Amino acid sequence: MNNHTTDFTTYRSLEEIAMRRRILKEQIDEDRKKIQQQWQSLFRKPEGFKRDATPSKRIGSLVNTGAGLLDAFLLGWKLYRKFKK
């Protein structure tokens, strides 16, 4: 989806151009702040992540990670054997 609008306004003075430039700069700064907040929220751990983890959750997470690593290793080994020629 494209949010850009094509504006073919004719400007009659340098002040109009400067005002339009300021407005666009403010909009760009607002968008930049929104993007920065969303980007940072992608990599932020939820509040109380380690504090609320019970031993069973930790063990479950460890088993899940181990299973994922094993699966990746087996996939790599199968691909290696298939394309080894």
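Residues numbered from 1 in each chain as written. Predicted model: local features only at pLDDT ≥ 70, side-chain atom pairs only at ≥ 80, totals over all residues. Heavy atoms only, no water.

A.B. asks: Describe in detail the pattern of salt bridges, supporting the description with residues and values.
C.D. replies: For side chains bearing opposite charge, pairing can occur when the charged atoms are close. According to the stated counting rule, one finds 2 salt bridges in the structure shown. Its salt-bridge partner being aspartate 29, residue lysine 25 comes within 3.3 Å of it at the nearest N-O pair. Taken together, the residues span about one helical turn, with lysine 25 and aspartate 29 both in helix α1 (residues 14-42) at a distance of 4 residues. By relative accessible area, aspartate 29 is classed as partly exposed at 26%. (Salt bridge = Lys/Arg side-chain N within 4 Å of Asp/Glu carboxyl O. Helix = DSSP H or I, 4+ residues; strand = E, 2+ residues; numbered from the N terminus. Buried < 20%, exposed > 50% of the residue type's maximum accessible area, 1.4 Å probe, protein only.)

A.B. asks: Talk me through a nonpolar patch on the surface; I want residue IDs and the actual numbers.
C.D. replies: On the surface, a nonpolar cluster with roughly 560 Å² of combined accessible area is contributed by Leu70, Phe73, Leu74, Trp77 and Tyr80. Position of tyrosine 80 among the secondary structure elements: in helix α2 (residues 55-83). When its relative accessible area of 48% is taken as the criterion, tyrosine 80 is described as partly exposed. (Patch = residues over 30% accessible without salt bridge, like charges linked within 9 Å, V, L, I, M, F, W, Y side chains within 5 Å. Areas by Shrake-Rupley, 256 points an atom, 1.4 Å probe, with all protein chains shown as cover.)

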